[in-house]
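# Structure assessment
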Amino acid sequence: MSTKHEQILNYIETLSVGSKISVRAIAKELDVSEGTAYRAIKEAQTTGLVSTIERVGTIRIEQKRKENIEKLTFAEVINIIDGQVLGGRTGLHKTLNKFVIGAMKLEAMMKYTEKGSLLIVGNRVKAQEKALNAGAAILITGGFDTTDYVKNLADRYELPVISCSYDTFTVAAMINRAIYDQLIKKEIVIVDDIYTPVEETRVLYEDDLVSAWHALYDQTKHSRYPVLNRNNQVVGVVTSKDIINKRIDLKIEKVMAKKPIVAKVSTSLASAAHTMVWQGIEMMPVVDDADTFKGVISRQDVIKGLQSSQRQPQIGETIDDLIHKQLQSDDASNQFVTEVTPQMTNQIGTLSYGVFASLVTEACNQTLKKEKTGDMVIENLSIFFMKPVQIGAILTVTPEILELGRKFAKIDVQIFSDQELVSKAMVMTQLINR
(Lines give C-alpha, C1' and ligand atoms only; values in the text may rest on other atoms or scores of the structure.)
Protein backbone atom coordinates (compact mmCIF):
# COMPACT_ATOMS: atom_id res chain seq x y z
CA MET A 1 0.00 0.00 0.00
CA SER A 2 1.38 3.43 -0.92
CA THR A 3 2.10 6.07 1.74
CA LYS A 4 0.21 9.36 2.00
CA HIS A 5 3.31 11.09 0.62
CA GLU A 6 3.25 8.89 -2.49
CA GLN A 7 -0.53 9.33 -2.86
CA ILE A 8 -0.09 13.11 -2.99
CA LEU A 9 2.65 12.86 -5.64
CA ASN A 10 0.48 10.51 -7.71
CA TYR A 11 -2.43 12.94 -7.37
CA ILE A 12 -0.28 15.88 -8.54
CA GLU A 13 0.80 13.86 -11.60
CA THR A 14 -2.86 13.37 -12.59
CA LEU A 15 -3.50 17.15 -12.64
CA SER A 16 -3.44 18.88 -16.01
CA VAL A 17 -0.44 21.06 -16.82
CA GLY A 18 -1.08 24.64 -15.67
CA SER A 19 -3.31 23.65 -12.71
CA LYS A 20 -2.80 25.75 -9.60
CA ILE A 21 -2.27 23.83 -6.34
CA SER A 22 -1.87 24.76 -2.69
CA VAL A 23 -0.95 23.05 0.56
CA ARG A 24 -4.38 23.72 2.07
CA ALA A 25 -6.32 22.53 -0.98
CA ILE A 26 -4.38 19.27 -1.27
CA ALA A 27 -4.64 18.61 2.48
CA LYS A 28 -8.41 19.03 2.23
CA GLU A 29 -8.78 17.06 -1.01
CA LEU A 30 -6.78 14.02 0.16
CA ASP A 31 -7.59 14.27 3.88
CA VAL A 32 -3.95 14.61 5.02
CA SER A 33 -2.20 17.05 7.32
CA GLU A 34 -0.89 20.32 5.89
CA GLY A 35 2.64 19.29 6.93
CA THR A 36 2.40 16.10 4.84
CA ALA A 37 1.01 18.08 1.90
CA TYR A 38 3.79 20.68 2.20
CA ARG A 39 6.57 18.05 2.17
CA ALA A 40 5.08 16.30 -0.86
CA ILE A 41 4.74 19.58 -2.80
CA LYS A 42 8.39 20.45 -2.01
CA GLU A 43 9.48 17.08 -3.44
CA ALA A 44 7.26 17.61 -6.48
CA GLN A 45 9.07 20.94 -6.99
CA THR A 46 12.48 19.23 -6.72
CA THR A 47 11.54 16.57 -9.27
CA GLY A 48 10.08 19.13 -11.68
CA LEU A 49 6.36 18.31 -11.33
CA VAL A 50 5.43 21.77 -10.05
CA SER A 51 6.93 25.24 -9.96
CA THR A 52 6.37 27.98 -7.38
CA ILE A 53 6.25 31.48 -8.83
CA GLU A 54 6.19 34.73 -6.89
CA ARG A 55 2.82 36.54 -7.04
CA VAL A 56 1.43 33.58 -9.01
CA GLY A 57 1.56 30.53 -6.72
CA THR A 58 2.42 26.87 -7.27
CA ILE A 59 1.39 25.36 -10.60
CA ARG A 60 1.65 21.94 -12.23
CA ILE A 61 4.25 22.08 -15.00
CA GLU A 62 5.65 19.81 -17.68
CA GLN A 63 8.64 17.78 -16.52
CA LYS A 64 11.62 18.89 -18.58
CA ARG A 65 14.16 16.43 -19.86
CA LYS A 66 17.68 17.29 -18.85
CA GLU A 67 18.85 17.67 -22.45
CA ASN A 68 16.37 20.55 -22.86
CA ILE A 69 17.56 22.38 -19.77
CA GLU A 70 18.94 25.22 -21.89
CA LYS A 71 15.33 26.31 -22.55
CA LEU A 72 13.50 28.37 -19.97
CA THR A 73 9.81 28.36 -19.11
CA PHE A 74 7.92 31.65 -18.97
CA ALA A 75 7.46 31.04 -15.23
CA GLU A 76 11.25 31.03 -14.79
CA VAL A 77 11.51 34.25 -16.83
CA ILE A 78 9.19 35.97 -14.32
CA ASN A 79 11.54 35.09 -11.47
CA ILE A 80 14.61 36.21 -13.41
CA ILE A 81 13.27 39.69 -14.26
CA ASP A 82 11.03 40.16 -11.18
CA GLY A 83 8.01 40.57 -13.46
CA GLN A 84 4.26 40.36 -13.03
CA VAL A 85 1.67 38.53 -15.14
CA LEU A 86 -0.90 40.70 -16.97
CA GLY A 87 -2.58 37.88 -18.89
CA GLY A 88 -2.24 34.30 -20.17
CA ARG A 89 -1.40 32.91 -16.72
CA THR A 90 -2.29 29.33 -17.77
CA GLY A 91 0.59 29.34 -20.27
CA LEU A 92 3.37 30.00 -17.74
CA HIS A 93 4.51 26.37 -17.87
CA LYS A 94 5.33 26.64 -21.58
CA THR A 95 8.91 26.83 -22.85
CA LEU A 96 10.34 29.70 -24.88
CA ASN A 97 12.52 28.71 -27.84
CA LYS A 98 14.06 32.15 -28.39
CA PHE A 99 13.51 35.79 -27.54
CA VAL A 100 13.12 38.67 -30.00
CA ILE A 101 13.85 42.31 -29.19
CA GLY A 102 11.13 44.53 -30.67
CA ALA A 103 13.28 47.50 -31.67
CA MET A 104 12.48 47.64 -35.39
CA LYS A 105 9.57 48.33 -37.71
CA LEU A 106 6.50 46.17 -37.15
CA GLU A 107 6.76 44.24 -40.46
CA ALA A 108 10.45 43.45 -39.91
CA MET A 109 9.81 42.47 -36.30
CA MET A 110 7.17 39.88 -37.24
CA LYS A 111 9.60 38.08 -39.56
CA TYR A 112 11.50 36.94 -36.46
CA THR A 113 8.50 36.48 -34.13
CA GLU A 114 7.24 32.91 -34.31
CA LYS A 115 5.39 30.34 -32.22
CA GLY A 116 7.13 29.61 -28.90
CA SER A 117 9.21 32.80 -28.92
CA LEU A 118 9.12 35.74 -26.49
CA LEU A 119 8.82 39.27 -27.89
CA ILE A 120 10.53 41.86 -25.68
CA VAL A 121 8.85 45.17 -26.46
CA GLY A 122 7.68 48.42 -24.87
CA ASN A 123 4.15 49.83 -25.00
CA ARG A 124 3.60 49.05 -28.71
CA VAL A 125 0.09 47.55 -28.57
CA LYS A 126 -0.10 46.65 -32.30
CA ALA A 127 3.14 44.65 -32.01
CA GLN A 128 1.79 42.90 -28.92
CA GLU A 129 -1.42 41.87 -30.72
CA LYS A 130 0.42 40.57 -33.80
CA ALA A 131 2.89 38.61 -31.67
CA LEU A 132 0.09 36.85 -29.76
CA ASN A 133 -1.67 35.99 -33.02
CA ALA A 134 1.64 34.49 -34.24
CA GLY A 135 1.87 32.27 -31.13
CA ALA A 136 4.51 34.28 -29.23
CA ALA A 137 4.40 35.45 -25.60
CA ILE A 138 4.99 39.11 -24.68
CA LEU A 139 7.39 40.77 -22.26
CA ILE A 140 6.58 44.47 -21.82
CA THR A 141 9.52 46.50 -20.53
CA GLY A 142 9.52 49.87 -18.77
CA GLY A 143 6.72 48.92 -16.35
CA PHE A 144 3.95 49.64 -18.91
CA ASP A 145 0.48 48.07 -18.78
CA THR A 146 -1.42 46.90 -21.86
CA THR A 147 -5.01 46.95 -23.15
CA ASP A 148 -7.82 44.66 -21.98
CA TYR A 149 -8.03 43.33 -25.55
CA VAL A 150 -4.39 42.13 -25.42
CA LYS A 151 -4.96 40.55 -21.98
CA ASN A 152 -8.07 38.70 -23.21
CA LEU A 153 -6.19 37.57 -26.31
CA ALA A 154 -3.40 36.23 -24.08
CA ASP A 155 -5.90 34.31 -21.94
CA ARG A 156 -7.54 32.81 -25.04
CA TYR A 157 -4.22 31.65 -26.55
CA GLU A 158 -2.74 30.68 -23.15
CA LEU A 159 0.32 32.81 -23.90
CA PRO A 160 1.72 34.90 -21.01
CA VAL A 161 1.91 38.68 -21.17
CA ILE A 162 4.51 39.77 -18.61
CA SER A 163 5.43 43.27 -17.46
CA CYS A 164 8.60 44.41 -15.70
CA SER A 165 10.21 47.72 -14.79
CA TYR A 166 13.59 47.12 -16.43
CA ASP A 167 14.59 48.50 -19.83
CA THR A 168 14.85 46.25 -22.90
CA PHE A 169 18.66 45.94 -22.87
CA THR A 170 18.77 44.98 -19.18
CA VAL A 171 16.00 42.38 -19.60
CA ALA A 172 17.70 40.78 -22.62
CA ALA A 173 21.00 40.61 -20.71
CA MET A 174 19.31 39.00 -17.67
CA ILE A 175 17.57 36.32 -19.76
CA ASN A 176 20.73 35.65 -21.76
CA ARG A 177 22.70 35.21 -18.52
CA ALA A 178 20.10 32.77 -17.18
CA ILE A 179 20.29 30.66 -20.36
CA TYR A 180 24.10 30.70 -20.12
CA ASP A 181 23.94 29.53 -16.49
CA GLN A 182 21.58 26.73 -17.51
CA LEU A 183 24.05 25.61 -20.19
CA ILE A 184 26.75 25.30 -17.52
CA LYS A 185 24.40 23.26 -15.33
CA LYS A 186 23.60 21.03 -18.31
CA GLU A 187 27.22 19.84 -18.41
CA ILE A 188 27.41 18.94 -14.71
CA VAL A 189 26.99 15.19 -14.29
CA ILE A 190 24.84 14.22 -11.30
CA VAL A 191 24.06 10.86 -9.69
CA ASP A 192 20.71 10.80 -11.51
CA ASP A 193 22.60 10.51 -14.82
CA ILE A 194 24.60 7.40 -14.00
CA TYR A 195 23.15 5.33 -11.15
CA THR A 196 21.85 1.78 -11.68
CA PRO A 197 18.03 1.95 -11.22
CA VAL A 198 16.08 -0.17 -8.78
CA GLU A 199 14.76 -2.42 -11.58
CA GLU A 200 18.32 -3.58 -12.30
CA THR A 201 19.43 -3.76 -8.67
CA ARG A 202 19.30 -6.68 -6.22
CA VAL A 203 18.40 -5.81 -2.63
CA LEU A 204 17.76 -7.49 0.70
CA TYR A 205 15.13 -6.65 3.30
CA GLU A 206 15.81 -6.28 7.01
CA ASP A 207 13.68 -9.34 7.84
CA ASP A 208 15.44 -11.56 5.24
CA LEU A 209 17.80 -14.24 6.54
CA VAL A 210 21.56 -14.43 5.98
CA SER A 211 20.82 -17.37 3.69
CA ALA A 212 19.21 -14.88 1.28
CA TRP A 213 22.56 -13.08 0.98
CA HIS A 214 24.25 -16.38 0.03
CA ALA A 215 21.54 -17.05 -2.58
CA LEU A 216 22.03 -13.61 -4.16
CA TYR A 217 25.79 -14.01 -4.14
CA ASP A 218 25.51 -17.35 -5.98
CA GLN A 219 23.36 -15.65 -8.64
CA THR A 220 25.21 -12.36 -9.12
CA LYS A 221 28.70 -12.81 -7.57
CA HIS A 222 28.19 -9.35 -6.03
CA SER A 223 29.05 -9.11 -2.34
CA ARG A 224 27.40 -5.78 -1.39
CA TYR A 225 23.67 -5.14 -1.18
CA PRO A 226 21.48 -2.32 0.17
CA VAL A 227 19.03 -3.38 2.89
CA LEU A 228 15.49 -1.93 2.79
CA ASN A 229 12.50 -1.87 5.09
CA ARG A 230 9.02 -2.65 3.76
CA ASN A 231 8.51 1.06 2.90
CA ASN A 232 11.43 0.79 0.43
CA GLN A 233 13.64 3.02 2.57
CA VAL A 234 17.34 2.22 3.01
CA VAL A 235 18.10 1.05 6.55
CA GLY A 236 21.48 -0.60 6.05
CA VAL A 237 24.10 -2.15 3.80
CA VAL A 238 25.38 -5.73 4.05
CA THR A 239 28.69 -6.99 2.62
CA SER A 240 30.63 -10.25 2.71
CA LYS A 241 32.54 -9.00 5.76
CA ASP A 242 29.29 -8.68 7.70
CA ILE A 243 28.15 -12.28 7.16
CA ILE A 244 31.44 -14.13 7.63
CA ASN A 245 30.96 -16.87 10.26
CA LYS A 246 27.33 -15.78 10.82
CA ARG A 247 24.52 -18.36 11.09
CA ILE A 248 22.38 -18.51 7.96
CA ASP A 249 19.16 -18.36 9.99
CA LEU A 250 19.98 -14.94 11.47
CA LYS A 251 18.01 -11.95 10.18
CA ILE A 252 19.89 -9.49 7.97
CA GLU A 253 19.07 -6.64 10.38
CA LYS A 254 21.25 -8.38 13.00
CA VAL A 255 24.40 -8.35 10.85
CA MET A 256 24.04 -5.34 8.50
CA ALA A 257 25.84 -2.00 8.87
CA LYS A 258 23.15 0.45 9.99
CA LYS A 259 22.71 4.11 8.99
CA PRO A 260 24.68 3.75 5.72
CA ILE A 261 25.97 6.66 3.67
CA VAL A 262 23.56 7.33 0.81
CA ALA A 263 23.56 9.63 -2.23
CA LYS A 264 20.62 11.74 -3.39
CA VAL A 265 19.71 11.61 -7.09
CA SER A 266 20.52 15.34 -7.27
CA THR A 267 24.04 14.92 -5.78
CA SER A 268 26.84 15.93 -8.16
CA LEU A 269 29.14 13.20 -9.42
CA ALA A 270 32.17 15.03 -7.99
CA SER A 271 30.59 15.06 -4.51
CA ALA A 272 29.69 11.35 -4.73
CA ALA A 273 33.24 10.53 -5.87
CA HIS A 274 34.74 12.44 -2.94
CA THR A 275 32.47 10.66 -0.45
CA MET A 276 33.28 7.20 -1.83
CA VAL A 277 37.03 7.84 -1.79
CA TRP A 278 37.02 9.51 1.63
CA GLN A 279 34.89 6.78 3.23
CA GLY A 280 36.56 3.95 1.32
CA ILE A 281 33.28 2.47 0.04
CA GLU A 282 32.60 0.67 -3.24
CA MET A 283 28.82 1.10 -3.44
CA MET A 284 26.30 3.69 -2.25
CA PRO A 285 22.51 3.37 -2.22
CA VAL A 286 20.72 6.19 -4.08
CA VAL A 287 17.55 7.75 -2.62
CA ASP A 288 15.14 10.55 -3.48
CA ASP A 289 14.19 13.45 -1.21
CA ALA A 290 11.68 11.23 0.62
CA ASP A 291 14.51 8.72 1.32
CA THR A 292 12.85 6.16 -0.96
CA PHE A 293 15.33 3.74 -2.55
CA LYS A 294 15.99 4.51 -6.23
CA GLY A 295 19.05 2.36 -7.05
CA VAL A 296 22.78 2.13 -6.41
CA ILE A 297 25.96 3.84 -7.58
CA SER A 298 29.27 1.96 -7.68
CA ARG A 299 32.86 3.10 -7.89
CA GLN A 300 32.90 1.85 -11.51
CA ASP A 301 29.88 4.06 -12.28
CA VAL A 302 31.70 7.06 -10.81
CA ILE A 303 34.85 6.43 -12.86
CA LYS A 304 32.86 6.05 -16.10
CA GLY A 305 30.90 9.20 -15.30
CA LEU A 306 34.05 11.23 -14.63
CA GLN A 307 35.64 10.02 -17.87
CA SER A 308 32.46 10.83 -19.80
CA SER A 309 32.19 14.35 -18.32
CA GLN A 310 35.80 15.06 -19.31
CA ARG A 311 34.95 14.26 -22.93
CA GLN A 312 31.91 16.53 -23.07
CA PRO A 313 32.29 19.91 -24.78
CA GLN A 314 31.50 22.70 -22.35
CA ILE A 315 28.76 24.78 -23.94
CA GLY A 316 28.60 27.17 -21.01
CA GLU A 317 32.16 28.09 -20.02
CA THR A 318 33.06 28.36 -16.33
CA ILE A 319 36.22 29.86 -14.79
CA ASP A 320 37.63 26.32 -14.45
CA ASP A 321 37.08 25.73 -18.18
CA LEU A 322 38.85 29.01 -18.95
CA ILE A 323 41.84 27.99 -16.81
CA HIS A 324 41.93 24.53 -18.40
CA LYS A 325 42.09 26.09 -21.88
CA GLN A 326 44.66 28.77 -21.01
CA LEU A 327 47.07 26.66 -18.94
CA GLN A 328 49.81 25.69 -21.39
CA SER A 329 51.97 22.68 -20.49
CA ASP A 330 55.75 22.59 -21.01
CA ASP A 331 56.53 18.85 -20.98
CA ALA A 332 60.29 19.38 -21.01
CA SER A 333 60.37 21.32 -17.72
CA ASN A 334 57.13 19.98 -16.15
CA GLN A 335 55.88 23.55 -15.84
CA PHE A 336 52.67 25.32 -16.88
CA VAL A 337 52.29 28.84 -18.23
CA THR A 338 49.22 31.09 -18.29
CA GLU A 339 48.30 34.78 -18.56
CA VAL A 340 46.16 36.61 -16.01
CA THR A 341 43.08 37.77 -17.95
CA PRO A 342 40.41 40.23 -16.70
CA GLN A 343 38.01 37.33 -15.88
CA MET A 344 40.60 35.92 -13.46
CA THR A 345 40.88 39.05 -11.30
CA ASN A 346 39.06 40.47 -8.29
CA GLN A 347 37.52 43.93 -7.89
CA ILE A 348 40.92 45.61 -7.39
CA GLY A 349 42.46 44.11 -10.53
CA THR A 350 44.70 41.40 -9.06
CA LEU A 351 44.53 37.62 -9.40
CA SER A 352 41.52 36.30 -7.48
CA TYR A 353 42.16 33.95 -4.56
CA GLY A 354 39.55 31.49 -5.86
CA VAL A 355 41.03 31.51 -9.37
CA PHE A 356 44.46 30.90 -7.87
CA ALA A 357 43.13 27.77 -6.12
CA SER A 358 41.66 26.59 -9.44
CA LEU A 359 45.03 27.18 -11.15
CA VAL A 360 46.80 25.05 -8.55
CA THR A 361 44.16 22.31 -8.79
CA GLU A 362 44.30 22.15 -12.59
CA ALA A 363 48.13 22.04 -12.63
CA CYS A 364 48.11 19.18 -10.09
CA ASN A 365 45.45 17.33 -12.06
CA GLN A 366 47.42 17.49 -15.31
CA THR A 367 50.67 16.56 -13.54
CA LEU A 368 49.13 13.43 -12.01
CA LYS A 369 47.58 12.40 -15.33
CA LYS A 370 51.11 12.25 -16.78
CA GLU A 371 51.87 9.68 -14.07
CA LYS A 372 48.94 7.53 -15.32
CA THR A 373 47.09 7.83 -12.03
CA GLY A 374 43.32 7.71 -11.66
CA ASP A 375 41.05 10.73 -11.26
CA MET A 376 41.98 13.20 -8.51
CA VAL A 377 39.89 14.34 -5.55
CA ILE A 378 41.31 17.22 -3.49
CA GLU A 379 41.63 16.36 0.20
CA ASN A 380 43.46 19.47 1.39
CA LEU A 381 44.86 22.61 -0.28
CA SER A 382 47.11 24.82 1.89
CA ILE A 383 48.23 28.20 0.56
CA PHE A 384 51.29 29.43 2.44
CA PHE A 385 51.41 32.90 0.89
CA MET A 386 50.12 34.79 -2.15
CA LYS A 387 51.43 38.13 -3.43
CA PRO A 388 49.26 40.45 -5.58
CA VAL A 389 49.46 39.56 -9.29
CA GLN A 390 48.10 42.10 -11.79
CA ILE A 391 46.17 41.75 -15.06
CA GLY A 392 48.39 40.74 -17.98
CA ALA A 393 51.05 39.05 -15.86
CA ILE A 394 52.51 35.80 -17.23
CA LEU A 395 52.54 33.08 -14.58
CA THR A 396 54.71 29.97 -14.47
CA VAL A 397 53.21 27.18 -12.35
CA THR A 398 55.67 24.55 -11.11
CA PRO A 399 54.15 21.48 -9.42
CA GLU A 400 56.49 18.93 -7.79
CA ILE A 401 55.23 15.52 -6.64
CA LEU A 402 56.64 14.89 -3.16
CA GLU A 403 54.84 11.60 -2.49
CA LEU A 404 52.83 9.34 -4.80
CA GLY A 405 51.02 6.25 -3.60
CA ARG A 406 48.34 4.03 -5.05
CA LYS A 407 45.56 6.00 -3.39
CA PHE A 408 47.05 9.39 -2.55
CA ALA A 409 49.49 12.06 -3.70
CA LYS A 410 51.24 15.03 -2.07
CA ILE A 411 52.26 17.89 -4.36
CA ASP A 412 54.22 21.10 -3.75
CA VAL A 413 53.20 23.97 -6.08
CA GLN A 414 55.16 27.18 -6.69
CA ILE A 415 53.97 30.04 -8.92
CA PHE A 416 56.38 32.58 -10.45
CA SER A 417 55.81 35.90 -12.21
CA ASP A 418 58.84 37.44 -13.96
CA GLN A 419 61.02 34.86 -12.14
CA GLU A 420 59.76 36.13 -8.77
CA LEU A 421 58.05 33.63 -6.46
CA VAL A 422 54.54 35.02 -5.93
CA SER A 423 52.85 32.06 -4.27
CA LYS A 424 53.41 28.66 -2.74
CA ALA A 425 50.89 25.91 -1.94
CA MET A 426 50.72 22.29 -0.78
CA VAL A 427 48.07 19.91 -2.13
CA MET A 428 46.99 16.55 -0.71
CA THR A 429 44.79 14.44 -3.01
CA GLN A 430 43.00 11.12 -3.00
CA LEU A 431 43.11 9.07 -6.22
CA ILE A 432 40.23 7.10 -7.74
CA ASN A 433 42.10 4.28 -9.43
CA ARG A 434 40.77 3.02 -12.71
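Residues numbered from 1 in each chain as written. Predicted model: local features only at pLDDT ≥ 70, side-chain atom pairs only at ≥ 80, totals over all residues. Heavy atoms only, no water.

### Quick look at the confidence of the model for the chain
Test applied: A residue's pLDDT is simply how confident the predictor is in it, with values from 0 to 100. We call two residues in contact whenever any of their non-hydrogen atoms come within 4.5 Å of each other.
When pLDDT is averaged along the chain, the result is 83; 90% of the residues meet or exceed 70. For the stretch residues 64-70, pLDDT sits under 50, and the model shows 15 contacts to residues farther than four places along the chain or on other chains. Note that pLDDT drops below 50 for residues 311-316; the model gives that stretch 12 contacts with residues more than four away or on any other chain.

### Quick word on the environment of Asn-346
Inclusion rule: A run of H or I in DSSP becomes a helix once it reaches four residues, and a run of E becomes a strand once it reaches two; helices and strands are each numbered from the N terminus.
Note on placement: Asn-346 falls in the loop between strand 20 (335-339) and helix 16 (353-370). Along the backbone, Asn-346 and Gln-390 are 44 residues apart, and their C-alpha atoms lie at a distance of 9.8 Å. Beyond its immediate sequence surroundings of up to four residues, Asn-346 is in contact with Leu-351 and Ser-352.

### Some thoughts on the UniProt feature "domain: CBS" (unreviewed entry) in the chain
Defined as follows: UniProt positions are given in the numbering used here, feature names are shortened, and annotations may be inferred rather than shown by experiment.
Under the UniProt annotation, the feature "domain: CBS" (unreviewed entry) is placed at residues 195-255 and 256-314. What you have in residues 195-255 is 31% helix and 21% strand, and the ends, taken at the C-alpha atoms, are 26 Å apart.

### Here's the deal with the nonpolar core
Formally: Working definition of a nonpolar core: buried Ala, Val, Leu, Ile, Met, Phe, Trp, Tyr and Cys residues. They are joined through side-chain atoms within 4.5 Å. Accessibility here uses a 1.4 Å probe with only protein chains present; expressed as a share of the type maximum, an area under 20% marks a residue as buried, one over 50% as exposed, and anything in between as partly exposed.
Judged by nonpolar contacts, the single largest core of 27 residues is most densely connected at Leu-351, Val-360, Val-413 and Ile-415. When contributions to this core are tallied by element, the ones reaching two or more residues are helix 15 (319-326), helix 16, strand 22 (394-404), strand 23 (408-417) and strand 24 (420-432). Top element by residues in this core is helix 16. It accounts for 7 residues. Apart from the residues within four sequence positions on either side, Val-413 is in contact with Val-360, Cys-364, Val-397, Thr-398, Pro-399, Ser-423, Lys-424, Ala-425 and Val-427. Residues Ile-59, Ile-81, Leu-96 and Ala-137 belong to the second largest nonpolar core, which totals 19 residues.

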